[in-house]
Amino acid sequence: MRIGITTYGSRVSPLFDAAEKLLLMDVDGDQFRRRGEVTLGSLGPALRVAKLDQFGVQVLVCGGISGFFRDAIVARGIRIHAWISGEVGDVLGVLALRYLASLPTATETEGTSPILAIAAEGPSLDAAINSCPSRCRYLLFVRMEDMQFTVHKNEERQLGGRALYNARLIRENKSRVLLTGRCGANDLGILSAAAIEVVAGACGTVREAIERYRRGELTATQPSSPRHRRRRRRRKHHARGAE
């Protein structure tokens, strides 16, 4: 699938009608490949819309868009994601997460028991739980029914800030639940956007954490809202000022 993103510098252009550039990206699942950039400049309405057809755009991502352009583009069979703002890289990340969230689990496709993704220090059920999923050396995928599991080892170059990478790996292994020691707000937001339930607070070995999860002693961690995060930062600031 080919998408076109109207851009202004590194950000999504605020208005399609006056956008200077159109970034072309080919999409395969959650993978994006840049295919070039088209200059829209001062093109008239008809030529501006025709450019989308000329370069095979199937989905348009833009900021605002007038009714005239919206109707003309939809009439050509092109889908529109309008009123999008922010850095282009962030927008592509959101699109990738939406795709990952749509992937089925093992239970949905094979009728088997759920598969748990577990951040671990080693490649066995007796390995210790890792305290941070973005920095774990191993991800174990354990089928709860019979404790059969597969192992993915993160290479050194993959460690750190890898929430999107982990989200892709977890969903591709047909899991929807991650057990870990703790999870930062940014990682939690990314994993939750990919429809992955993050269960923080796990400790001990992988085997012990699974048993605690079975007994209902471990529950999902909910991402906090930006408002709550701002409140926590203010409380920390006031606490430091009072010292």
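Cut-offs used in this document
- Within each chain, residue numbers correspond to sequence positions counted from 1 in written order.
- Owing to the predicted nature of the model, reporting of local features is limited to residues with pLDDT of at least 70; listing and counting of side-chain atom pairs is limited to 80 or more, with chain, interface and lining totals taken over all residues.
- Only hydrogens and water are removed before side-chain values are computed, so all heavy atoms of the structure are retained for them.
- For two strands to count as paired, DSSP must find a minimum of two bridges between them.
- The way it works is that DSSP assigns letters per residue, a run of H or I at least four long becomes a helix, a run of E at least two long becomes a strand, and they are numbered from the N terminus.
- Here an angle of 0 to 180 degrees is reported between the N-to-C directions of two axes, which are lines fitted to C-alpha atoms, with helices fitted over the stretch in contact.
- Every residue pair with non-hydrogen atoms within 4.5 Å of one another is taken to be in contact.
- To sort residues, take the accessible area from a 1.4 Å probe on protein chains only and compare it with the maximum for the residue type: under 20% means buried, over 50% means exposed, and anything in between is partly exposed.
- Each Phe, Tyr or Trp ring (for Trp, its six-membered ring) is paired with any other whose centre lies within 6.5 Å, and the angle between the two planes then decides the class: stacked below 30 degrees, edge-to-face above 60, tilted in between.
- We define a salt bridge as a side-chain nitrogen of Lys or Arg found within 4 Å of a carboxyl oxygen belonging to Asp or Glu.

**Q** When you look at the sheet that holds strand β10 (residues 177-179) in this model, what are you seeing that I'm missing?
**A** The strands making up a sheet are joined through hydrogen bonds of the backbone, oriented either antiparallel or parallel. The strand order across the open sheet formed by five strands is β9-β8-β7-β10-β11, and the pairing between neighbours is mixed. Across the chains shown, the open sheet's two edge strands, defined by having one partner strand only, are β9 (149-153) and β11 (197-199). Going from strand to strand, the sheet's axes swing by 20° on average, the running direction of each strand aside. Of the pairings in the sheet, the one linking strand β8 (residues 138-143) to β9 comprises five bridges and is antiparallel in character. In the strand pairing of β9, phenylalanine 141 is matched with threonine 150. Across the face of the sheet, helix α5 (residues 163-172) comes into contact with β7 (115-120), β8, β9 and β10 while running at roughly 25° to β8.

**Q** How should I be thinking about the pairing of strand β1 (residues 2-8) in this particular structure?
**A** Within a regular strand, the side chains alternate between the two sheet faces. Burial analysis of β1 places five of its seven residues in the buried class, which makes it a mostly covered element. In terms of strand pairing, β1 meets strand β3 (residues 21-28) through six bridges, oriented antiparallel. Bridge pairing in β3 links glycine 4 to leucine 24. One ladder, built from two bridges, connects β1 with strand β2 (residues 11-12); its direction is antiparallel. From the neighbouring strand, tyrosine 8 faces β2, where its bridge partner is arginine 11. Here β1 folds back onto β2, and the loop between the two strands holds two residues, one of which, glycine 9, carries a positive phi near 70°.

**Q** Even after reading the chapter, I still don't get the side chain of threonine 180, so can you show me in this structure?
**A** Residue position: threonine 180 is located in the loop between β10 and α6 (185-193). Look at threonine 180 and you get buried, because its relative accessible area is 0%. Not counting residues up to four positions away in its chain, the partners in contact with threonine 180 are Ala119, Ile129, Asn130, Ser131, Cys132, Pro133, Val198, Val199, Ala200, Gly201 and Ala202.

**Q** Could you clarify how one ought to interpret the packing of aromatic side chains in this entry?
**A** The relative placement of two aromatic rings is captured by the distance of their centres and the angle of their planes. Under the criterion given, the structure shown has two aromatic pairs. Arranged with centres 5.3 Å apart and planes meeting at 75°, the rings of phenylalanine 16 and phenylalanine 69 form a pair that is edge-to-face. With a gap of 53 residues between them, phenylalanine 16 in the loop between β2 and β3 and phenylalanine 69 in helix α2 (residues 67-75) connect regions that are remote in the sequence. The interplanar angle of 80° and the centroid separation of 5.4 Å between the aromatic rings of phenylalanine 68 and phenylalanine 69 together place this pair among those described as edge-to-face. Overall, the relative accessible area of 7% leaves phenylalanine 69 in the buried class.

**Q** Before we go on, may I ask you to explain the environment of glycine 181 in this structure?
**A** Its location among the elements puts glycine 181 in the loop between β10 and α6. Once the C-alpha coordinates of glycine 181 and proline 133 are considered, the two residues, 48 residues apart in sequence, prove to be 8.0 Å apart. With residues up to four places along the chain from it excluded, the contact list for glycine 181 reads Ile129, Asn130, Ser131, Ala200, Gly201 and Ala202.

**Q** What should I look at first to understand the pattern of salt bridges in this one?
**A** Working definition: two side chains of opposite charge can pair if their charged atoms are close together. Taken as a whole and assessed by the stated rule, the structure comprises ten salt bridges. Notably, a salt bridge pairs aspartate 71 with arginine 70, separated by 3.3 Å at the nearest N-O pair. The class of arginine 70 is partly exposed, set by a relative accessible area of 41%.

Worth remembering: the numbers are spatial, not functional.
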